[in-house]
Amino acid sequence: MKAIALYSVGFDQVDVWEASRRNIPVGNTPDVLSRATSDVAFLLMQSVARRASYNFEKVKAGNWTDFDPMHALGQELYGKTLGIFGLGRIGFEMALKAQRAFDMKIVYHNRHRNEKSEKLLDAHYVSFDELIEVSDVLSIHANFNPDQKGIFNQSVFKRMKPGIDLY
């Protein structure tokens, strides 16, 4: 093997230490799909908030007999607080879209503070506990690792705001 070329941002699926020991270079593609991935997250946020799948299925089934506008419209996103778990490249792009489109306040929790994003987005670094308690919408953009296994559990969900949307 002469090289390992990954079509991904991270190196999670490669034993980088072993590749280095064998003098095999490992490359990845950071930033290539950050915007595209955040586009999907942004679409999902709107879809869940506005009950798009539910309403689409009602239309498809020809169920036009009743209409409850408060139920059908879902949740308003304008001015809400978007919590980002993992404010890296993709989380930044998601926060930027949410802020520009819906004037959402951005709070985040990360392994480290992201001072550049704090300045560009007026984002506020908060503890994990505060993140889950103050967010109206929570968007998760962290790679999965053993330290985070089970972090979003029943106890965490119980402490979230009623009606929170989770993406």
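All residue numbers here refer to positions counted from 1 along the written sequence of the relevant chain. The predicted nature of this model means local features are confined to residues of pLDDT at least 70 and side-chain atom pairs, given and counted, to a pLDDT of 80 or more, with totals for whole chains, interfaces and linings taken over all residues. Working from all heavy atoms in the structure, the side-chain values ignore hydrogens and water.

We count a salt bridge whenever a side-chain nitrogen from Lys or Arg sits within 4 Å of a carboxyl oxygen from Asp or Glu. A full pass over the atoms with the stated rule returns 9 salt bridges. Between Arg 35 and Glu 93 there is a salt bridge, and its shortest N-O distance comes to 3.6 Å. A residue pair is termed long-range when its members are at least 10 positions apart, and Arg 35 in helix H2 (residues 34-49) and Glu 93 in helix H5 (residues 89-102) qualify at 58 residues. Burial here depends on accessible area, computed with a 1.4 Å probe over protein chains only, as a share of the maximum for the residue type. Under 20% is buried, over 50% is exposed, and the range in between is partly exposed. Take Arg 35: its relative accessible area is 58%, and that puts it in the exposed class. A salt bridge links Lys 97 to Asp 39; the shortest N-O distance between them is 3.1 Å. Residue Lys 97 is found in helix H5, and its partner Asp 39 is found in helix H2; the two are separated by 58 residues along the sequence. Its relative accessible area of 41% is what places Asp 39 among the partly exposed residues. Each of Glu 18, Arg 21 and Arg 22 takes part in salt bridges that share partners, so that together they form one network. Put simply, DSSP H or I for four residues or longer makes a helix, DSSP E for two residues or longer makes a strand, and each gets a number counted from the N terminus.

Only rings of Phe, Tyr and Trp enter the pairing, Trp through its six-membered ring, and a pair is recorded when the two centres are within 6.5 Å. The plane angle decides the type: under 30 degrees is stacked, over 60 is edge-to-face, the rest tilted. A complete count under the given rule lists 6 aromatic pairs for this structure. With 4.9 Å between their ring centres and 80 degrees between their planes, Tyr 78 and Phe 102 make a pair best called edge-to-face. Note that Tyr 78 is positioned in the loop between helix H4 (69-73) and strand S3 (81-85) and Phe 102 in helix H5, a separation of 24 residues in sequence. Summarising the aromatic geometry, the rings of Tyr 108 and Tyr 125 are spaced 5.4 Å apart at their centres and angled 70 degrees between planes, so their arrangement reads as edge-to-face. Highlighted residues: Tyr 108 in strand S4 (residues 105-109) and Tyr 125 in strand S5 (residues 124-125), separated in sequence by 17 residues. Here Tyr 125 falls in the partly exposed class, since its relative accessible area comes to 32%. Members of the aromatic cluster, each reached through a chain of ring pairs, are Phe 42, Tyr 78 and Phe 102. Geometrically, a charge over a ring is one whose NZ (Lys) or CZ (Arg) sits within 6 Å of the ring centre while staying within 35 degrees of the ring normal. The side chain of Arg 51 reaches across the aromatic face of Tyr 54, ending 4.2 Å from its centre.

Among the nonpolar cores identified, the biggest contains 20 residues, and Met 45, Leu 77, Leu 82, Ile 84, Leu 87, Met 94 and Met 104 are the most heavily contacted of them. Those elements giving two or more residues to this core turn out to be H2, S3, H5 and S4. When residues of this core are assigned to their parent elements, the largest contribution, 6 residues, is made by H5. By convention a nonpolar core is built from buried Ala, Val, Leu, Ile, Met, Phe, Trp, Tyr and Cys residues, the set being connected through side-chain atoms within 4.5 Å. Grouped together as the second largest cluster of nonpolar side chains are 10 residues, Val 107, Phe 128, Val 156 and Met 160 included.

With that out of the way, let us pick up the environment of Tyr 54. Residue placement: Tyr 54 occurs in helix H3 (residues 52-60). The class of Tyr 54 is partly exposed, set by a relative accessible area of 35%.

A few words on a nonpolar patch on the surface. Residues form patches when they are more than 30% accessible in relative terms and have no salt bridge. Like charges link within 9 Å. Nonpolar side chains (Val, Leu, Ile, Met, Phe, Trp, Tyr) link within 5 Å. All accessible areas in this document rest on Shrake-Rupley with a 1.4 Å probe, and a residue is counted as covered only by the protein chains that are shown. A cluster of nonpolar side chains, Tyr 7, Val 32 and Leu 33, forms an exposed patch at the surface whose accessible area comes to about 350 Å². With respect to the helices and strands, the residue Val 32 is situated in the loop between strand S2 (26-27) and H2.

To continue, consider H2. Residue count minus one, scaled by 1.5 Å, sets the expected span of a helix. For H2, built from 16 residues, the straight-helix expectation of 22 Å at 1.5 Å per residue is met to within 8% by its first-to-last C-alpha distance of 22 Å. Taken together, the buried positions of H2 are occupied by Ser 34, Ser 38, Ala 41, Phe 42, Met 45, Ser 47 and Ala 49. One or two positions beyond H2, positive phi appears at Arg 51, with a value near 55 degrees.

A few words on the pairing of S3. Here S3 lies mainly inside the structure; 5 of its 5 residues are buried. Alternating positions in S3 separate into two faces, Thr 81, Gly 83 and Phe 85 on one and Leu 82 and Ile 84 on the other, with burial throughout. Two elements, S3 and S4, share 5 bridges in a ladder whose sense is parallel. Its bridge partner being in S4, Phe 85 is matched across the sheet by His 109. Viewed with both strands pointing away, a crossover whose connecting path from the first strand over the helix to the second turns clockwise is right-handed. For the crossover that starts at S3, traverses H5 and ends in the parallel S4, the hand is right-handed. Two strands make a pair as long as DSSP finds a minimum of two bridges between them. As defined by bridge partners, S3 adjoins strand S6 (residues 137-140) across 4 bridges and the pair is classed as parallel. Note that in S6 the partner of Phe 85 across the bridge is Ile 140.

Shape is all these values report; function is a separate question.
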